[in-house]
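# Descriptive structure summary
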Amino acid sequence: MQTSIMATEFDGGVVVGADSRTSMGTYVSNRVTDKLTRVTDRIYCCRSGSAADTQAIADVVSSHMEILEVKLGEPPLVQIAANTFKEICYNYRDMLMAGIIVYTIPLGGMMVRQPVAIGGSGSTYVWGHIDATYKPNMNMEETVEFVKNTLTLALTRDGSSGGVVRVAVITKDGVDRRVYLHNELPEFYQG
Amino acid sequence: NESLVAKGFPMPKSRKTGTTIAGVVFKDGVVLGADTRATEGDIIADKNCSKIHYLQPNMYCCGAGTAADLEMTTQLMASQLELHRLNTGRQVPIVAANRMLKQMLFRYQGYVGAALVLGGVDKHDSHIYSIHPHGSTDRLPYTTMGSGSLAAMSVFEARWKPNMEVSVNA
C-alpha cells in the first residue's frame, strides 16, 4: 500500500491526513481506503506499507491499549502507543513492511517525535514543501490547510497515491473526521 | 517432495479457481454473486461448483483462489462462528467473521490462497468486506475479486448508486 500520509501538531491537538489509494501492482484495489486508523479514541495512526501487516499491527496495538486503559484507569499516553508500535515493528522488522505515523515510525523501527511527520511513497515529493511552508504555532484551520495542501501536492505527483484526502483533527474534545473529494482540493501548477 | 519430482513423479497442481466474485450493498441488504467454473489448468474441472459459501444464516462468503484452501477456510470459519453464536447467545456480527478471517490469513502469511468477499447483514448494518490472502481487509459498498475482478469492477463503477432496489441489481 504505497501512500502519502502526514501528521502535524498544532496548539490544542493534532491533524493527521492521508490519501485513499490501495494499489495491487497497477490495479487500484480500493480507491476510498481509510488509512487513518483508530488506536484509541484520541490516538490515531496513519498506515503505509503492506496493508495486511499494518492492519494486523494496528489491531494488536489497539487491543493492547484498551487493556492498558482498564489497568491504568485512564487513557494511555501517545508515547505508550508509539512505543508499542515500535516494539512490534522493530522486533519483527525482517517480516513486516510497515511505516506508521503515531509519532513517526518508519520502516525498520526507529521512533522519533516531531512536530510534523510525513510518510509513505508520496512523502518524498513534499519534504521541500514542508521545509518551506511549515511554521510553528499554527492554529487548527491553518494546520488543516497545511495538511490538505501538502497531501494534494503529494497525491498529484505520486502514482501510488490518489483518491480522496482524508483528514482527522484530534483534540481533547474528540475527533473530527473530514473527507475532501477531488474537486474540493486546492489547485496547483499543473505543468 | 523434491526427491519424488526428481524421480519423474509430477507434483499435483493445486486447483486454482479462475473466478469472478462480487458483492454489493443495496438498500435492504447485500447481494453476493459468483461464477461456477472451476479450472485445472486449461480444463474445466467443475462446470457448476458453488463459490458462495455458507458461514452463518446472516452471512455468506464468496471465494476466489485455491479451491481447497477456500473450502477448508470457510468450513472452519463456519464452525467457529457457530461456536461463537452459541457462546454469546446472539447473532454473530459481520465484523467478528471479518476479524477471525483476517487474523487466520495473516497468521499464514499469504500461504493460504483465499481471496474472499464476505457479505452479510447484522443488527447494526449491511456489510461487504473484501479479504485478501495476506490478511488485509477493506470494508466497501461494492467489491470484486478473482481473475475476472477488473471486468466486474468496470460494471460496478459505471452503474452503482447508493440505496439501489433489488430489481435493478443486474
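Everything quoted here is computed from the prediction, not taken from an experiment. (Residues numbered from 1 in each chain as written. Chains lettered and ligands numbered in written order. Predicted model: local features only at pLDDT ≥ 70, side-chain atom pairs only at ≥ 80, totals over all residues. Heavy atoms only, no water.)

## A closer look at the layout of surface pockets
One number sums up the size of the largest pocket: a volume of about 740 Å³. Around the largest pocket, the lining is made up of 25 residues, and of these Thr37 and Asp59 of chain A together with Asn98, Lys102 and Thr137 of chain B lie nearest the centre. Taken together, the elements giving at least two residues each to the lining of the largest pocket come down to β5 (36–38), β6 (44–49) and α1 (51–72) of chain A together with α3 (94–107) and β10 (137–139) of chain B. Looking at the lining of the largest pocket element by element, the count peaks at six residues for α1 of chain A. In terms of residue class, the lining of the largest pocket is made up of six nonpolar, eight polar and 11 charged. (1 Å grid on protein atoms, 1.4 Å probe; cavity = no way out; pocket = protein on both sides within 12 Å on 5 of 7 lines; lining within 4 Å. Points joined across faces, edges and corners; volume = space filled by probe spheres on them. Helix = DSSP H or I, 4+ residues; strand = E, 2+ residues; numbered from the N terminus. Nonpolar A, V, L, I, M, F, W, Y, C, P; charged D, E, K, R; others polar.)

## Side note on the UniProt feature "active site" (unreviewed entry) in chain A
Residues and elements named next belong to chain A. Per the UniProt record, the feature "active site" (unreviewed entry) sits at Thr3. Within the secondary structure, threonine 3 sits in the segment before β1 (5–10). Apart from residues lying up to four places away in sequence, threonine 3 is in contact with Asp19, Lys35, Arg47, Ser48, Gly119, Gly120, Ser121, Gly122, Ser123, Asp158, Ser160 and Ser161. (UniProt positions renumbered as here; feature names shortened; annotations may be inferred. Contact = heavy atoms within 4.5 Å.)

## Some remarks on the sheet that holds strand β2 (residues 21–26) of chain B
Residue and element names in this part refer to chain B. On the basis of which strands lie adjacent, the open sheet formed by three strands has the order β3-β2-β11 and antiparallel pairing. Whereas interior strands pair on both sides, the edge strands pair on one side only; in this sheet they are β3 (29–34) and β11 (142–145). Adjacent strand axes in the sheet meet at a mean angle of 10° when their direction is disregarded. Those strands touched by helix α4 (residues 149–159) are β2 and β11, and its axis lies near 165° from that of β11. (Pairing = 2+ DSSP bridges. Axes fitted to C-alpha atoms, helices over the stretch in contact; angles between N-to-C directions.)

## Brief notes about the UniProt feature "active site" (unreviewed entry) in chain B
Residues and elements named next belong to chain B. The residues that UniProt annotates with the feature "active site" (unreviewed entry) are Thr19. Summarising the element assignment, threonine 19 is placed in the loop between β1 (16–17) and β2. With a relative accessible area of 1%, threonine 19 lands in the buried category. Residues contacting threonine 19, with those up to four places away along its chain left out, are Asp35, Lys51, Gly63, Ala64, Met145, Gly146, Ser147 and Gly148. In terms of polar contacts, threonine 19 uses its side chain to reach the side chain of lysine 51, at 3.1 Å. (Buried < 20%, exposed > 50% of the residue type's maximum accessible area, 1.4 Å probe, protein only. Polar contact = N/O pair within 3.5 Å; in protein donor to acceptor, adjacent residues only side chain to side chain.)

## Let's talk about unusual backbone geometry
All names here are of chain B. Positive phi, normally seen in glycine, also occurs at glutamine 109, with a value near 50°. Relative to the elements of secondary structure, glutamine 109 occurs in the loop between α3 and β8 (114–121). Here glutamine 109 falls in the partly exposed class, since its relative accessible area comes to 35%. At asparagine 163, a position not held by glycine, the phi torsion is positive, near 55°. Take asparagine 163: it is sitting in the segment after α4. Relative accessible area serves as the criterion here: at 58%, asparagine 163 is assigned to the exposed category.

## Some points on the sheet that holds strand β2 (residues 13–18) of chain A
All names here are of chain A. A sheet is described by the order of its strands in space; here five strands give the open sequence β8-β1-β2-β9-β10, paired in antiparallel fashion. Since the sheet does not close on itself, it has two edges, and those belong to β8 (116–119) and β10 (174–180), each with one partner. Along the sheet, successive strands turn relative to each other by an average axial angle of 15°, direction set aside.

## Examining the packing of aromatic side chains
Here the structure, examined in full by the defined rule, presents four aromatic pairs over all chains. Between tyrosine 134 of chain A and phenylalanine 146 of chain A the ring centres are 5.8 Å apart and the planes differ by 45°, which places this aromatic pair in the tilted class. Within this pair, whereas tyrosine 134 of chain A is found in the loop between α3 (127–133) and α4 (140–157), its partner phenylalanine 146 of chain A is found in helix α4, the two being separated by 12 residues in sequence. Residue phenylalanine 146 of chain A is classed as buried on the basis of its relative accessible area of 4%. One aromatic cluster is present, formed by Tyr142, Phe156 and Trp160 of chain B through successive ring pairs. The aromatic ring of tyrosine 180 of chain A is capped on one face by lysine 148 of chain A, whose charged end is 4.6 Å from the ring centroid. (Phe/Tyr/Trp six-rings, centres within 6.5 Å; stacked < 30°, edge-to-face > 60°. Lys NZ or Arg CZ within 6 Å of the ring centre and 35° of its normal.)

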